[in-house]
Amino acid sequence: MSHDHAIDLSVTWLGQTMPGCLYNASGVWCREEDELEVLLASDAAAVISKSATLAPRDGNPEPRYCRTAMGSINSMGLPNRGFDYYLDYARRYRYGSGKPLFLSLSGLSLDDNCAMLRRLAEEGLPAVPEINLSCPNVPGKPQLGYDFAATAEALGAFDAAYSGLYGVKLPPYFDPAHFAAMAEILNRHPRLAFVTCINSIGNGLVVDIDSEAVVIKPKDGLGGLGGDYVLPTALANVREFYRLLPGKDVVGCGGVKSGREAFMHILAGARAVQVGTCLYHEGPGAFARIAGELAALMRVKGYRRLDDFRGRLRTL
């Protein structure tokens, strides 16, 4: 998949080797089976499904997504086809492609998440669950990842419901004490193999000066920020959890629109890198472009493999 035979962008983790390091962030290009198939045929190195709830959901009223000069704001509200739809796709997925399939789970309760994990365990499929602890866009449902006691309880329940390796998608944290507290909880769970940092920065507000109004309808205009807005916060979370979670992998997500941001995420410690807002705006062709730019940047710097610079961010 690398655009350059001398440059190796492959990633070995979770007991397998992916052909590259880039794939979609859950929520983008992954709600419908035909979208997932387009991702699989693209230069994405893996595929992750839309965050599934136990029952299908229409999500929040439109307009619920807005492109902005610095990225995006959204309050989608977990529109998805329901867990059974994605489980059925996982049964038929072409695992021989060398591209792992991740199933994003975002139950509206702990019982829902555990029910989905038990179903997945019963199927014995090689799909890897990424449990979303961080959806900021469902009215009345707080982000689990900001409640440390509830997160600790949930992870114990996940361990009981599912016997394989799994990951969690985390909200952004902003305080060193919170990084440390969450890491201490995560480190208690050996089969929690990776964390994805970060979900969108929740409950931002974008104002349109011409109309003197907000730009999305749900929650009176509050929504999750993506794109350029979130890159520094995403990098901070990747670097801190890379330091604090020895033996676990960190997946970088947030603000990746070129090879440069992908390089930054890996330099900060990311094992693999997800693309969200850029994928929404550009489509799956973004993966080939970003991979090519990353390979070109690595050549200029004299790096041949991602391991040559992963986690080697210097401090002053």
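The rules behind each value
Residues numbered from 1 in each chain as written. Predicted model: local features only at pLDDT ≥ 70, side-chain atom pairs only at ≥ 80, totals over all residues. Heavy atoms only, no water. UniProt positions renumbered as here; feature names shortened; annotations may be inferred. Helix = DSSP H or I, 4+ residues; strand = E, 2+ residues; numbered from the N terminus. Buried < 20%, exposed > 50% of the residue type's maximum accessible area, 1.4 Å probe, protein only. Arc of directions from axis to C-beta. Contact = heavy atoms within 4.5 Å. Polar contact = N/O pair within 3.5 Å; in protein donor to acceptor, adjacent residues only side chain to side chain. Core = buried A, V, L, I, M, F, W, Y, C linked by side-chain atoms within 4.5 Å. Expected span 1.5 Å × (residues − 1). Pairing = 2+ DSSP bridges. Axes fitted to C-alpha atoms, helices over the stretch in contact; angles between N-to-C directions.

- Going by an unreviewed UniProt entry, the protein chain carries the name dihydroorotate oxidase (fumarate) and comes from Chromobacterium violaceum.
- Database annotation for the protein chain, UniProt heading Subcellular location (unreviewed entry): "Cytoplasm".

1. Some remarks on the UniProt feature "domain: Dihydroorotate dehydrogenase catalytic" (unreviewed entry) in the protein chain
Working step 1: Taken from the UniProt record, the annotation "domain: Dihydroorotate dehydrogenase catalytic" (unreviewed entry) applies to residues 9-298.
Working step 2: A distance of 10 Å separates the end C-alpha atoms of residues 9-298, which is 35% helix and 22% strand.

2. A closer look at helix H5 (residues 176-186)
Working step 1: Every buried residue of H5 is listed here: Phe179, Met182, Ala183, Ile185 and Leu186. One side of H5 carries all its buried residues, which in axial view fall inside an arc of 160°.
Working step 2: The secondary structure elements touched by the buried residues of H5 are helix H4 (148-161), strand S9 (166-170), strand S10 (192-197) and helix H6 (231-244).
Working step 3: For H5, the capping residue at the N-terminal end is Asp175, with a side-chain oxygen 2.8 Å from the backbone nitrogen of Ala177.

3. Considerations on the nonpolar core
Working step 1: Membership of the largest hydrophobic core comes to 95 residues, with the highest contact counts inside it found for Trp13, Val168, Leu186, Val195 and Phe241.
Working step 2: Sequence-distant contacts of Val195, that is, excluding residues within four places in its chain, are made with Val168, Leu170, Leu186, Phe241, Leu245, Asp249, Val250 and Val251.

4. Focus on H6
Working step 1: Under the 1.5 Å per step criterion, the end-to-end length of H6 is 20 Å for 14 residues, consistent within 8% with the ideal 20 Å.
Working step 2: Buried residues of H6: Leu231, Thr233, Ala234, Leu235, Asn237, Val238, Glu240 and Phe241, and no others.

5. Topic: the sheet that holds strand S6 (residues 71-74)
Working step 1: Pairing is antiparallel across the open sheet formed by four strands, whose spatial order is S5-S6-S14-S11. On the outer flanks of this sheet lie strand S5 (65-68) and strand S11 (201-205), each paired with one strand and no other. Each strand axis lies, on average, 40° off the axis of its neighbour in the sheet, ignoring direction.
Working step 2: Note: S5 against S6, four bridges, orientation antiparallel. In the strand pairing of S6, Tyr65 is matched with Asn74.

6. Concerning the sheet that holds S9
Working step 1: Strand order in the open sheet formed by eight strands is S3-S16-S15-S10-S9-S8-S7-S4, and the pairing between neighbours is parallel. Each edge of the open sheet carries a strand with a single partner, namely strand S3 (22-24) and strand S4 (47-48).
Working step 2: The pairing of S9 with S10 spans five bridges and is parallel. Bridge pairing links Val168 to Val195 in S10.
Working step 3: Seen against the sheet, H4 touches strand S8 (128-132), S9 and S10 and runs at an angle of roughly 155° to S9.

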